[in-house]
Amino acid sequence: LASVAGTTDNFTGQNGDFEQGTATSFAPHWARLVTAPAVATYEVETSSPPQGTRAFKVTVSTLGTNPWDVQMFQNNTVNTWPGVAGSQYIIRLWAKTSTAGGSFRIINQVGSSGMLAPNYDLSPTSSWVEYSIPFTCAESNPSLKFWFNKLGTYWIDDIRIYSAANPAPGSSIVAEKVDTALRR
């Protein structure tokens, strides 16, 4: 099954499930940034992750000047995942918030370039839900980033990125696309 297009996780080895790291961080795979005047606290959530024993948690209590002043981003040896410019992917992740109207932005970016894709604002619910976000990779070998530019508490877990090209009939990718289309 892993060799079928649409079923291979391109994010493998990036600690997208947050199971690696210390009791207080996800290093070396993820860096956490708070730039003044923003105020935020990051935690390793262990009480109720949707899978495994750990999830990512951030509480933003004061916003910064820029939308990227509170962010989590890939920070491992390579600092990127093997995305190919112009190729289509689906990012799947679990998320929730305790804040009504809360949202965060998901982006892929090479260095500090202005090309941000998917540049997607996710407004999670108050309980764990798995989200699927299709996007076209703007640049090759991007770094995945999460910008927290609204007040509130947010949890993220089990990040995966799949190729969206030619998924096999009956695969979970096809089922997700059908479900999404029927909900519109």
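Residues numbered from 1 in each chain as written. Predicted model: local features only at pLDDT ≥ 70, side-chain atom pairs only at ≥ 80, totals over all residues. Heavy atoms only, no water.

Further remarks concern the packing of aromatic side chains. Taken as a whole and assessed by the stated rule, the structure comprises 16 aromatic pairs. With a centroid separation of 4.9 Å and 65° between ring planes, the pair formed by F18 and F26 is classed as edge-to-face. Like F26, F18 is buried. Put simply, the rings of F11, F18, F26, W30, Y42, F56, F104, F146, F148 and Y154 pair up and form one aromatic cluster. One Lys or Arg, K96, reaches over the ring of W155 and ends 4.7 Å from the middle of that ring. (Phe/Tyr/Trp six-rings, centres within 6.5 Å; stacked < 30°, edge-to-face > 60°. Buried < 20%, exposed > 50% of the residue type's maximum accessible area, 1.4 Å probe, protein only. Lys NZ or Arg CZ within 6 Å of the ring centre and 35° of its normal.)

This part is about the sheet that holds strand β8 (residues 129-136). Spatial strand order, β2-β3-β10-β5-β8: five strands in an open sheet with antiparallel pairing. Every interior strand has two partners, whereas the edge strands, β2 (39-45) and β8, have only one. This sheet shows a mean twist of 30° between the axes of neighbouring strands, independent of strand direction. Where strand β5 (residues 88-97) and strand β10 (residues 152-163) come together, eight bridges link them in antiparallel fashion. By the bridge assignment for β10, A95 is matched with I156. (Pairing = 2+ DSSP bridges. Helix = DSSP H or I, 4+ residues; strand = E, 2+ residues; numbered from the N terminus. Axes fitted to C-alpha atoms, helices over the stretch in contact; angles between N-to-C directions.)

Interpretation in functional terms is not warranted from these geometric data alone.
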